[in-house]
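Here's the letter readout for the chains.
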Amino acid sequence: MDLAEKTVVVTGAGRGFGRAFALSAGRLGARLCLSARTLAAAQKVADEVAADSGARVDAFACDLADPATVRGFAQGVAARADRVDVLINNGARYLHGPDLWDADDEAITDTVASGATGTLLTVKHFLPLLRASEGADVVNLVSSAAEARNHRSQAHPAFYAAKAAQAGFADVLSHRLRPEGIRVISLYPPDFTDGDPLDATWDQAARTADDPLTARSVLDCVLFAIGQPRDCFIRSFHFEQV
Ligand SMILES: NC(=O)c1ccc[n+]([C@@H]2O[C@H](COP(=O)([O-])OP(=O)(O)OC[C@H]3O[C@@H](n4cnc5c(N)ncnc54)[C@H](OP(=O)(O)O)[C@@H]3O)[C@@H](O)[C@H]2O)c1
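Computed from a predicted model, the values in this text were never measured in an experiment. (Residues numbered from 1 in each chain as written. Predicted model: local features only at pLDDT ≥ 70, side-chain atom pairs only at ≥ 80, totals over all residues.)

Q: Help me understand the overall build of the protein chain in this model?
A: When helices and strands are tallied, the protein chain shows six helices and seven strands. Order of helices (α) and strands (β) in the protein chain, N terminus to C terminus: β-α-β-α-β-α-β-α-β-α-β-α-β. Taking 2.2 N^0.38 as the reference for a compact globule, 242 residues should give roughly 18 Å; the C-alpha atoms of the protein chain span a radius of gyration of 17 Å, in line with that estimate. Across the 242 residues of the protein chain, 45% fall into the buried class. (Helix = DSSP H or I, 4+ residues; strand = E, 2+ residues; numbered from the N terminus. Rg over C-alpha atoms; globule rule 2.2 N^0.38 Å. Buried ≥ 20, exposed ≤ 12 C-beta atoms within 10 Å, placed from the backbone.)

In structure tokens:
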């Protein structure tokens, strides 16, 4: 897969899947715009990506729970790039605890805001740049928690609510943007293990049916979907759980 000439935006890129995707996209030739809640966190990964692949990469601060910083992120990218080809909606706060009282009101509000309205506002404010691309892809890292009656995770109900809202948004967005040729691709993974492309184990192939899903496989699904010809609109990836 070749991402040369593609401008790729990743939210929540300071660690975990967002960082892994940034490193991998850099190796595939992408020009990257990375955001994290703090500029320092985004810059740290941007420096790693540049050192690893030589990719052109800019760092931005964006707290997805804060609409002003989402707008600022989009404005910052617009000042440096004339279009966005791939938007990875990755950032979302995880909240643990099965009981509603396991989290305070601020954590609940922040969880719903980062995952739900954060994704919505990011797409809204990047839409002019996405529309400027000859073939844009919006990728949403949702969760199996958004699947109907999938209650296996011990995540807090606020996380379920955030991911369900994100899924509802993705569903209608895919339909609404289809006539413009913009693809909306959503993934509903169960828990997956962290992975680090800078680590030798990233490319280790020996995995069995008893092993947990890995970030590497989730990432490969994204690359597969965005690598398809423009007449192929993959809406979603769902995974059978153990
Ligand atoms: N890992 C899994 O098992 C799994 C399973 C299903 C779905 N997912 C989804 O896949 C995505 C990536 O997963 P992950 O494992 O990398 O998640 P993670 O380890 O929980 O990291 C979440 C990322 O989102 C960022 N974030 C949290 N709140 C934010 C906010 N208000 N504004 C901006 N960024 C914020 C975090 O930044 P900070 O470093 O600043 O906290 C971090 O980069 C998430 O959307 C997650 O819900 C993950």
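Q: Would you mind going over the site of the ligand with me for this structure?
A: Taken together, 24 residues form the shell around the ligand, and within it Gly 12, Gly 16, Gly 91, Ala 92 and Ser 114 come nearest. Here the element with the most residues in the shell around the ligand is helix α1 (residues 16-27); it accounts for three residues. For the shell around the ligand, the per-class residue count stands at eleven nonpolar, eight polar and five charged. (Near = placed C-beta within 6 Å. Nonpolar A, V, L, I, M, F, W, Y, C, P; charged D, E, K, R; others polar.)

Q: Mind showing me how you'd approach the nonpolar core here?
A: Where a protein is soluble and globular, its nonpolar side chains tend to be buried together. One finds Val 8, Val 9, Val 10, Ala 22, Leu 32, Leu 34 and Leu 87 to be the most contacted residues of the largest nonpolar core, which totals 71 residues. By residue number, the principal contributor to this core is helix α4 (residues 105-131), which donates nine residues. With near-sequence residues (within four places) excluded, Leu 87 lies in contact with Val 9, Val 123, Phe 126, Leu 130, Val 138 and Val 139. (Core = buried A, V, L, I, M, F, W, Y, C linked by C-beta atoms within 7 Å. Contact = placed C-beta atoms within 7 Å.)

Q: Looking at this structure, how should I read the packing of α1 against helix α6 (residues 215-226)?
A: Where α1 meets α6, the closest approach of the two axes is 10 Å, and the angle between their N-to-C directions is 55°. Classified by the interaxial angle, the pair formed by α1 and α6 is oblique. Handedness of the α1/α6 crossing: right-handed. For the pair α1 and α6, contact is made by Phe 17, Ala 20, Phe 21 and Ser 24 and by Ala 215, Val 218 and Leu 219, respectively. Across the contact of α1 with α6, the residue classes break down as six nonpolar, one polar and no charged. (Axes fitted to C-alpha atoms, helices over the stretch in contact; angles between N-to-C directions. Parallel < 35°, antiparallel > 145°, perpendicular 65-115°, else oblique. Left-handed = near helix turned anticlockwise from the far one by under 90°.)

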